[in-house]
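# Inside the fold
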Amino acid sequence: FNTMFDKLGKACKDLLKTSFKLKSMEVVASTLNISYAYARKKKSQCIGKLTKLIKESSSYHQIKNNL
């Protein structure tokens, strides 16, 4: 997770870190000085990108095959 998280852009990392800490997307949006709608949309895109990076990694396939 951390290796793939580090591959995300600064905006995605900032948004996801803030949302992990604050939970309320209204507060996240306010903290990052962006609109609520943009924060929700961008968070969804960032999580999608992170999921894709993880699923494409060789480590993921090794772990998955050993289960």
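Model, not experiment: these values are computed from the prediction. (Residues numbered from 1 in each chain as written. Predicted model: local features only at pLDDT ≥ 70, side-chain atom pairs only at ≥ 80, totals over all residues. Heavy atoms only, no water.)

### With respect to the packing of helix H2 (residues 10-22) against helix H3 (residues 25-32)
How we decide: Orientation is described by lines fitted to C-alpha atoms, with helices fitted over the stretch in contact, and by angles between N-to-C directions that extend from 0 to 180 degrees. Under the scheme used here, helices are H or I runs from DSSP no shorter than 4 residues and strands are E runs no shorter than 2 residues, and both carry numbers assigned from the N terminus. Small angles under 35 degrees read as roughly parallel and large ones over 145 as roughly antiparallel, with 65 to 115 read as roughly perpendicular and the rest as oblique. Working rule for handedness: look at the near helix, and if it is turned counterclockwise from the far one by less than a right angle, call the crossing left-handed; if clockwise, right-handed. Any two residues having at least one pair of non-hydrogen atoms within 4.5 Å are treated as being in contact.
Where H2 meets H3, the closest approach of the two axes is 9 Å, and the angle between their N-to-C directions is 135 degrees. Put simply, H2 runs oblique to H3. Judged by the twist between their axes, the crossing of H2 over H3 is right-handed. Listed contacts from H3 to Asp14, Leu15, Thr18, Ser19 and Leu22 of H2 are Met25, Val27, Val28, Thr31 and Leu32.

### A word on H2
This is how the line gets drawn: By this rule, a helix spans an expected 1.5 Å times one less than how many residues it contains. Relative accessibility decides the category of a residue: with a 1.4 Å probe and only protein chains considered, values under 20% of the type maximum give buried, values over 50% give exposed, and everything between is partly exposed. The arc in question is traced by the directions running from the helix axis to the C-beta atoms.
For H2, spanning 13 residues, the distance from its first C-alpha to its last is 18 Å, which sits close to the expected 18 Å at 1.5 Å a residue. Considered for burial, the residues of H2 that qualify are Cys12, Leu15, Leu16, Thr18 and Ser19. End-on view of H2: buried residues confined to an arc of 165 degrees, all on one side of the axis. Away from its buried face by more than 90 degrees, H2 exposes Lys10 and Lys21. Lining the buried residues of H2 we find helix H1 (2-5), H3 and helix H4 (36-56).

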